[in-house]
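The residues making up each chain are set out below.
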Amino acid sequence: MAKYTIDPITRIEGHLRIDVEIEGGKVTNAWSSAQLFRGLELILQGRDPRDAPHITQRACGVCTEVHALASIRAIDDALKAYPPALGRLARNLVHGAQFVHDHITHFYALHALDFVDVVSALKADPKKTAALAESLGNYPKSGSADFKAVQERLKTFVESGQLGPFANGYWGHPDYRLPAEANLMATAHYLEWLRLQVKAARMMALFGAKNPHVQTYVAGGVSCVQDILSVDRLAEFLYYLKEMQAFIDNVYLPDLLAVASFYKDWGANNIGGCTNFLAYGNFPQNSGAFASEKMFLPGGVIAKRDLSKVMAVDPAKITEEVKRAWYSDGPALHPSKGETKFIKPDYDYDGKYSYFKAPRYDGMAVEVGPLAQVLAAYGNGHAQTKAMVEAVLKHLSIPATALFSTLGRAAARCIETKVIADAMGGWVMEVIEEVKKGNLATAAEWKWPGEAMGAGLIDVPRGALGHWIHIDAKNKIQNYQLVVPSTWNLGPRDAKGQLGPVEEALVGTPVADPKRPLEIIRTVHSFDPCIACGVHVIDPQTNQVHKIKVL
Amino acid sequence: MEHKEEVLERIEAKGVSRRDFVKYCTLVTSVLGLAPSMVPRVAEAMAAKQRPTAIWLHFAECTGCSEALLRTTYPWIDEVVLEVLNVAYHETIMAPSGEAAEKSLHDAMTQYKGKYILICEGGIPMKDGGVYGKVGGKTMLDIAKAATKDALATICVGNCACSGGVQAAKPNPTGAVSVEKATGVKTININGCPPNPINIIATVVHYLLLGKLPALDAKGRPLFAYGMNIHDNCPRRAHYEAGEFVKKFGDEGAMKGWCLAEVGCKGPNTFNNCPQVMFNDGTNWPIGAGHPCIGCSEPNFWDEQSPFYQPI
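Residue numbering note: each chain is counted from 1, following its sequence as written. As a convention, the first chain written is A and the first ligand written is 1, with the rest following in written order. Reporting in this predicted model follows two pLDDT cut-offs: at least 70 for local features of residues, and 80 or more for side-chain atom pairs to be given and counted; totals over whole chains, interfaces and linings ignore these cut-offs and use all residues. Only hydrogens and water are removed before side-chain values are computed, so all heavy atoms of the structure are retained for them.

Regarding the environment of Gln111(B)
Residue and element names in this part refer to chain B.
Move 1: Working definition: helices are DSSP H or I runs of at least four residues, strands are E runs of at least two. Numbering for both runs from the N terminus. By secondary structure assignment, the location of Gln111 is in helix H6 (residues 98-111).
Move 2: On the accessibility criterion, Gln111 (57% relative accessible area) is exposed.
Move 3: Residues Gln111 and Met228, 117 residues apart in the sequence, show an inter-C-alpha distance of 39 Å.
Move 4: A polar contact is formed between the side chain of Gln111 and the side chain of Tyr112, at a distance of 3.5 Å. A simple rule labels every residue: compare its accessible area, found with a 1.4 Å probe on the protein chains alone, to the largest value its type can have, and call it buried under 20%, exposed over 50%, or partly exposed in between. Side-chain atoms alone can form a polar contact between residues adjacent in sequence; in general such a contact is a pair of N or O atoms within 3.5 Å, and within protein one must be able to donate a hydrogen while the other accepts it.

A closer look at the packing of aromatic side chains
Move 1: Pairing of aromatic side chains here covers Phe, Tyr and the six-membered ring of Trp, requires ring centres within 6.5 Å, and sorts the geometry by plane angle: under 30 degrees stacked, over 60 edge-to-face, intermediate tilted. In the structure shown here, the tally under the stated rule is 28 aromatic pairs over all chains.
Move 2: On the basis of an interplanar angle of 40° and a centroid distance of 5.1 Å, the ring pair of Trp193(A) and Phe247(A) is categorised as tilted. Of this pair, Trp193(A) sits in helix H7 (residues 180-208) while Phe247(A) sits in helix H9 (residues 231-261), and the two are 54 residues apart along the sequence.
Move 3: Aromatic ring contacts, followed pair by pair, group Trp31(A), Trp326(A), Tyr327(A), Tyr347(A), Tyr349(A), Tyr353(A) and Tyr355(A) into a single cluster.
Move 4: The residue whose ring lies beneath Lys210(A) is Phe279(B), and the NZ or CZ to ring-centre distance is 5.5 Å. Note on criteria: charge over ring means Lys NZ or Arg CZ within 6 Å of the ring centre, with the direction from the centre no more than 35 degrees off the ring normal.

As for the interface of chain B and chain A
Move 1: Contacts between the two partners involve 93 residues from chain B, matched on the other side by 91 residues from chain A.
Move 2: Simply put, the buried area is the total loss of 1.4 Å probe accessible area from both parts when two parts are fitted together. At the boundary of chain B with chain A, total buried surface from both sides reaches about 7,500 Å², with 56% on carbon and sulfur atoms.
Move 3: Contact with chain A buries surface across chain B, with Ala95(B), Tyr132(B) and Tyr309(B) losing the most and accounting together for 9% of the total.
Move 4: Put simply, a salt bridge is a Lys or Arg side-chain nitrogen that is within 4 Å of an Asp or Glu carboxyl oxygen. Seen at the junction of chain B and chain A, the total is 7 salt bridges.
Move 5: Across the pair Asp303(B) and Arg47(A) runs a salt bridge, and its minimum N-O distance is 2.7 Å.
Move 6: Across the chain B-chain A interface, the total number found is 32 residue pairs in polar contact (both at pLDDT 80 or more).
Move 7: Secondary-structure elements contributing two or more residues to the side of chain B that touches chain A are strand S1 (53-58), helix H4 (64-70), helix H5 (77-84), strand S2 (86-89), H6, strand S5 (134-135), helix H13 (252-256) and helix H15 (301-304) of chain B. Every residue pair with non-hydrogen atoms within 4.5 Å of one another is taken to be in contact.

A short note on the layout of surface pockets
Residue and element names in this part refer to chain A.
Move 1: For the largest pocket, the calculated volume is near 520 Å³.
Move 2: As for the largest pocket, its lining consists of 19 residues, of which Lys141, Val150, Arg153, Glu192 and Arg195 are closest to the centre.
Move 3: With 7 residues, the single largest contributor to the lining of the largest pocket is H7.
Move 4: Class assignment of the residues belonging to the lining of the largest pocket gives a composition of 9 nonpolar, 3 polar and 7 charged. Buried and open spaces are told apart on a 1 Å grid over the protein atoms alone, a cavity being a set of points where a 1.4 Å probe fits but cannot get out and a pocket being an open set with protein on both sides within 12 Å along at least five of seven lines. Residues with an atom within 4 Å of a point are the lining residues. Grid points are joined across faces, edges and corners, and a volume is the space filled by probe spheres set on the points. Lys, Arg, Asp and Glu make up the charged group, whereas Ala, Val, Leu, Ile, Met, Phe, Trp, Tyr, Cys and Pro make up the nonpolar group; the residues left over, Gly among them, are polar.

As for the domain arrangement of chain B
All names here are of chain B.
Move 1: The split of the chain into domains comes from an automatic or database domain assignment. Here the domain parsing of chain B yields domain 1 (2-225) and domain 2 (228-304).
Move 2: On the side of domain 2, 17 residues touch domain 1, which itself brings 20 residues to the contact.
Move 3: The three residues of domain 1 that bury the most area against domain 2 are Asn196, Arg221 and Ala225, which together make up 26% of that side's buried surface.
Move 4: Our count for the contact surface shared by domain 1 and domain 2 stands at 2 salt bridges.
Move 5: Taking the shortest distance from any N to any O, the salt bridge between Glu298 and Lys219 comes out at 3.1 Å.
Move 6: Summed over the shared surface of domain 1 and domain 2, the result is 10 residue pairs in polar contact (both at pLDDT 80 or more).
Move 7: Counting residues per element, the ones that place at least two in the side of domain 1 that touches domain 2 are helix H8 (159-163), helix H10 (197-210) and helix H11 (223-226).
Move 8: Residue composition of the side of domain 1 that touches domain 2, grouped by class: 8 nonpolar, 8 polar and 4 charged.

Right under this line is the structure:
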């Protein structure tokens, strides 16, 4: 059985390596390995707790903002300083805008090339492309002249001979199934979104100061008091939001459905699917400790794909294991007691092979992310989510079980984006109502509490994110641990040998051409990993590493 | 010099309107502090027949600097990629992965040897021979050494590449350092966490246009952007002079936009053009959002400018 290594995997954040065994055209085993250790948890020790949101936000600049939010929530919790209404709403608006930015950018800039053959777009008929676009949605810039201009631009680019980031792609791979016209349309939308995402980032900057890396979250609330009290700023936010909603309804959702219609077998056969799911829930509608927060999107735990039984999240059931990770061996620990004793990276398929720890919930490997959040909201009967899920299933004529797949993950990301975008206008109106009532407070009063612990749990675009802080009697950080979505999804095996979610998802994935493992990359990208990686091939007979192309 | 009309025609053939193009060139020219008569030459540099090759490498970082560049609007990022530069390697946007990606890097370094602009994002872990950061099985240290050797110029984007960044903060568990320190090659440092995209683009244009580095300060930062002090240019400066200070977030002073010195602002220690250009096309900036400056364009700011909420 041949082993294949893909390193670096591109179009993700960070440095990731994936290894697979392939037999009979299908993946039979998989290993996921984080290739970079930065040691943020060690750097945090001994610092002023209030500096933690700035430091942890630098864990990732693609999914910017989210670590600052989880961190400030952990600090709120330790100080027992929960934000007043305007502080909570400002955070929700910035966080919601991050979802819109991040999810759509993922679909077009990071994931689309796993489905869209850009080279094939050169052969498309612009008139037929315009007809296709018109049949799917009502969006400007969709005339045949518009698509012809995009095609001409691509031609000029290709004829220059300098293909830049598009050189060495897997163009012409047999599992690129879209007709030329759909490829041209998707390429045009990819270019369109590259421009529109600038406005999504501005939405965040209105109350977040800047994007990437917002600078507005402070203990007990936000600093942007002048911005959130400015009617002008609120109106600007709504104006951008309208543009985002038009794009989601007329471009993103129709494109997602169009792509999905060519890959229904991936849903029917649960290709890329996982078994257990965890979501912390998102967008608190009141302020308080995690257990008392009512979330706009309710969280929950789903075991063995049983959507009829969504269990409440109990943070005490979270542990992290290091048996197969590049840390000194020790017991499975709750993150509040977590240790970071890193060792040198010697890759061993049967031993340690990653800088990710293996988080487990009640001993289970669980998938986190948009699919987990949408399933939890759906199972909990959240009306808007339920309606959207049912509309998508009906449009594609597929059963709910098809959601347990790579395709389900991509669909859930779109559903989540729409549900959040459609709710944000209401949150702006809530701001107005608070201002009318004279509730102008943006940050809670607080005092250093002496020794204290705090947890900050929230769903973010890549899934369940948790920060745990332990503040000592001198108001310094004694211990700090992060359990991030990509650790849940891309973590290694545990002591019992249970595969991590992405490893589980890859097993059973068909691979038409192991030297161009497009299907593997597609499933890896569907998790929106936050770490960069690549592909090589190992022959177990000779232990020789064969390098292969991956697009 | 090529005739102005020809340049504009070629730009139009690439799908960019004349108006947008001239507007952009004017903006870049003014950020660089060049005379208006330089506008046509900027236009020419941006519309070369053979696009200049850029290789963008990621080391120990968070990709926030790449994301910052995605927010550029003059030119838009699709124009940077399709019409302005030949971005031969950039892990976040490129189509290929694995060996095919490595081939793209190898091909570009060979074909454009001595001619490519190397852009580095991220610090270099040095401890234990650099094993704490690898791409394609090679250490980031080895990759950086090889790539800087044959580059026309090396531009460091962001605090990590410029000075080691967040992973280099005490106790610096992986021994992360700047690209300049790791390789011994002199670099241009576009500092910030992340830097403003306008400063990244303006530096590249300066190099293409004048064929030499912009004037740099002692820390390797272009003076056109980092020659000014935040506190000296702060719109809240009058409140500082009047002794009007925010005492805590959300108080009366905060509502009135008073000076943030007493809640920890590091503006007086920090050199950058944030007060002038702000972020996200002038939408906002940290002090505008009522938050103290954390000094992110100063080397080692994670240690030297923190704690962030304590007054200087």
